[in-house]
Protein chains: 2
Amino acid sequence: MSPLPADPAVLLERARADDRVALARLLSYVERGGETATAVARLAYRSDVPFTVGLTGAPGSGKSTLTDGLITEVRDGWPGAAAIPQVAVLAVDPSSPFSGGAILGDRVRMSQHALDPTVFIRSMATRGHLGGLSLAVPDAIRLFGAAGIGVIIVETVGVGQMEVEIASAADTTAVVVTPGWGDSMQASKAGLLEVADVFVINKADRPGVREARRDLEQMLDLARPGAWRPEIVDTTATAGEGVAELWRAVARHRDHLVRSGQLVVRRTDRLAQELRRVLLARTEVRVDELVVGEEFTTAVKALAAGELDPYQAADGLLGG
Amino acid sequence: MSPLPADPAVLLERARADDRVALARLLSYVERGGETATAVARLAYRSDVPFTVGLTGAPGSGKSTLTDGLITEVRDGWPGAAAIPQVAVLAVDPSSPFSGGAILGDRVRMSQHALDPTVFIRSMATRGHLGGLSLAVPDAIRLFGAAGIGVIIVETVGVGQMEVEIASAADTTAVVVTPGWGDSMQASKAGLLEVADVFVINKADRPGVREARRDLEQMLDLARPGAWRPEIVDTTATAGEGVAELWRAVARHRDHLVRSGQLVVRRTDRLAQELRRVLLARTEVRVDELVVGEEFTTAVKALAAGELDPYQAADGLLGG
């Protein structure tokens, strides 16, 4: 094979023709941000995206092992063996300042599917500014789609606002808790409830499963009634227990989305949110250009001299 | 006294005439954000601001007790008793979703200066969006200045990026650590080193002070050499020990700022950072206006139909 070109358009052609090295390069572009990321995002844009499952939960709740189990379900249990979809995992750690290399290697080595050519595992870390990951994740999902991958699992570590936002960029979001979770995640409960389509109580071989389930049921009882009440599935991912049932629960939610027309509504909502983020990113670029200009320096001097206030100065710079 | 008016201009006149209730109302406006916050900020803008000390450190490092001790130093130890400055404390908790009321009461009750009319203590919590506090804090400092308060202590809980940004909106920033801090704050060390003008090892009656000091000295040895090497002061705030020395260290740093001309440079840098944040806030308002418009809805439909990509759509909406 000829050496990897730098041109995103050529790389995308190759990724479409099953070249996973070209796909990995495009994902790196998207992760890094800046002009090339924008160029790749524009080339790879498609309104049709693969089915995406989000998996979020506190560190140590066993998401990686659950993901591995779900991959097995997709690969072994997909109805109609002739068309088993390829699977991609996007493991996102919003709190990690590291890029690609190190965690990627670890995450891949940890997987029992590391050697399966139909499974593509990729880590993604922050791009240095808040919101960068929220922009990169949907672009990555579209790149997977362009490369013919049919099922995507987006795995995020943590239960903060950013993590939940990323996980909810999926069609079906599963929130992973463990027995005894309630006390440690008191503050995040409302946010988790809002995004969860399925709840997973993992490490269900430990004491406290009944209490965790009762806790979740109570939360759900108190929540605003909607068309969908999240199922609660017990799993012991390390032993493979409950994972097939989790996959069935995910599939049931997906069926509900399709039948109710919510799939289209959700995806359109996601596009609206993404467009808002792109608008903010574009205006931020414009502000960064302003800040290095001569007019900005003059405005700061006027502030220091008390001749202008910051709002007058800003409106002047923005031509308002 | 007549009931409190709502008009910011009238409130500001009253605050200038020592009406602390009017001052508190203005601070609430600034904390809440939106159009009224902008109006207050514009009215209260002044290039001349009081001397401001930032105090940041992990929860439980004893910042509140240290602040109380520093207030006593200012009130008792200011050279030239005829002109003892009034003191304001702005206690900021970027991680807290609560506004004004509750924590404010707690923070005031905790202080031994709660009944001193020359000491003004105020808590400030997030205004619901990232960056809101960074905008509110300099406005609050200017309001204190307008009200004739001469020394301000900005106390922030935590050592994350946001907390450090807020604390560094001061003329002199003191970073509070405790014995044994090194292991728990490994990740924040670089950021703390960047903003610290003074290091405080509080709870110095506990074991591990020597190690903490050695740790800090090593960090400082490795840091880029600058004109100012932060002093390290041991305190036991609960017993009042070392607090006078801390205040002297703060005063020495202030003298250095004034003599070297760095005070003007720092304050101008702060104004530039503030102007950038106002620019971002103003463009965010513009984006929020776009998002509720008809053109936005049309753009989202075009995205869903695959007729546009998000960047084309954004540039179209921004008229670019």
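Before going further, it helps to spend a moment on the overall build of chain A. Each helix and strand counted, chain A has 14 helices and seven strands in total. The burial tally for chain A puts 44% of its 320 residues in the buried class. Here the analysis covers contacts within chain A between residues at least 6 apart in sequence; of these, 72% occur between residues at least 24 apart.

Further remarks concern the pairing of strand E4 (residues 151-157) of chain B. Regular strands place their side chains on alternate faces of the sheet. Residue and element names in this part refer to chain B. Counting buried positions along E4 gives seven out of seven residues, so the element sits mostly inside the fold. Neither face of E4 is open: one carries Val151, Ile153, Glu155 and Val157, the other Ile152, Val154 and Thr156, and all of them are buried. Alignment of strand E1 (residues 51-57) against E4, held across seven bridges, turns out to be parallel. In the sheet register, threonine 52 faces E4, and the bridge partner there is isoleucine 152. Alignment of strand E2 (residues 87-93) against E4, held across six bridges, turns out to be parallel. Bridge assignment links valine 87 to a residue of E4, and that residue is valine 151.

The subject of this paragraph is the sheet that holds strand E6 (residues 198-201) of chain A. All names here are of chain A. Pairing is parallel in the open sheet, where seven strands are placed in the order E3-E2-E4-E1-E5-E6-E7. Edge positions in the sheet fall to strand E3 (119-125) and strand E7 (231-234), since each has one partner strand and no second. Between one strand and the next, the sheet's axes are offset by a mean angle of 20 degrees, whatever the strand orientation. Here strand E1 (residues 51-57) pairs with strand E5 (residues 172-177) via five bridges, running parallel. Its bridge partner lying in E5, glycine 57 is registered against valine 176. With respect to the sheet, helix H10 (residues 209-222) is in contact with E5, E6 and E7, its orientation differing from that of E6 by roughly 160 degrees.

Overlaying chain A with chain B gives an RMSD of 0.1 Å, the required rotation being 180 degrees about an axis along which the chain moves by 0.0 Å. Here the transformation between the copies is reduced to the relation of a two-fold axis. It is threonine 283 of chain A whose C-alpha, among those of chain A, lies nearest the rotation axis, at 3.2 Å. A high fraction, 100%, of the interface residues of chain A reappear at the interface in chain B, so the copies pair face to face through one surface.

Residue and element names in this part refer to chain B. Pairing is parallel across the open sheet formed by seven strands, whose spatial order is E3-E2-E4-E1-E5-E6-E7. The open sheet has two free edges, formed respectively by strand E3 (119-125) and strand E7 (231-234), since each of these has just one partner strand. With direction set aside, neighbouring strand axes in the sheet form an average angle of 20 degrees. Contacts from helix H6 (residues 132-146) reach E1, E2, E3 and E4 within the one sheet, and its direction differs from that of E2 by about 170 degrees. Relative to the sheet, helix H10 (residues 209-222) contacts strand E5 (172-177), strand E6 (198-201) and E7, its axis offset from that of E6 by approximately 160 degrees.

Further remarks concern helix H2 (residues 20-32) of chain B. Residue and element names in this part refer to chain B. Look at H2: 18 Å from first C-alpha to last across 13 residues, which is about the 18 Å you get at 1.5 Å a residue. By the burial criterion, the buried members of H2 are Ala22, Leu23, Leu26, Leu27, Tyr29, Val30 and Glu31. Of the surrounding elements, those touching the buried residues of H2 are helix H1 (8-16), helix H3 (34-44), E3 and H6. Trailing H2 by a residue or two, glycine 33 shows a phi angle of about 80 degrees, which is positive.

Let's shift gears to the packing of helix H2 (residues 20-32) of chain A against helix H6 (residues 132-146) of chain A. Residues and elements named next belong to chain A. As a packed pair, H2 and H6 sit with axes 9 Å apart at the nearest point and diverge in direction by 165 degrees. Taken as axis vectors, H2 and H6 run roughly antiparallel relative to one another. As for the relative orientation of H2 and H6, their crossing is right-handed in sense. Residues Leu23, Leu26, Leu27, Val30 and Glu31 of H2 pack against Ala136, Asp139, Ala140 and Leu143 of H6. When its residues are assigned to classes, the contact of H2 with H6 shows seven nonpolar, no polar and two charged.

Criteria and cut-off values
- Residues numbered from 1 in each chain as written.
- Chains lettered and ligands numbered in written order.
- Predicted model: local features only at pLDDT ≥ 70, side-chain atom pairs only at ≥ 80, totals over all residues.
- Helix = DSSP H or I, 4+ residues; strand = E, 2+ residues; numbered from the N terminus.
- Buried ≥ 20, exposed ≤ 12 C-beta atoms within 10 Å, placed from the backbone.
- Contact = placed C-beta atoms within 7 Å.
- Pairing = 2+ DSSP bridges.
- Axes fitted to C-alpha atoms, helices over the stretch in contact; angles between N-to-C directions.
- Least-squares fit on C-alpha atoms with pLDDT ≥ 70 in both.
- Expected span 1.5 Å × (residues − 1).
- Parallel < 35°, antiparallel > 145°, perpendicular 65-115°, else oblique.
- Left-handed = near helix turned anticlockwise from the far one by under 90°.
- Nonpolar A, V, L, I, M, F, W, Y, C, P; charged D, E, K, R; others polar.

As far as function goes, none of this settles anything; it's purely spatial.
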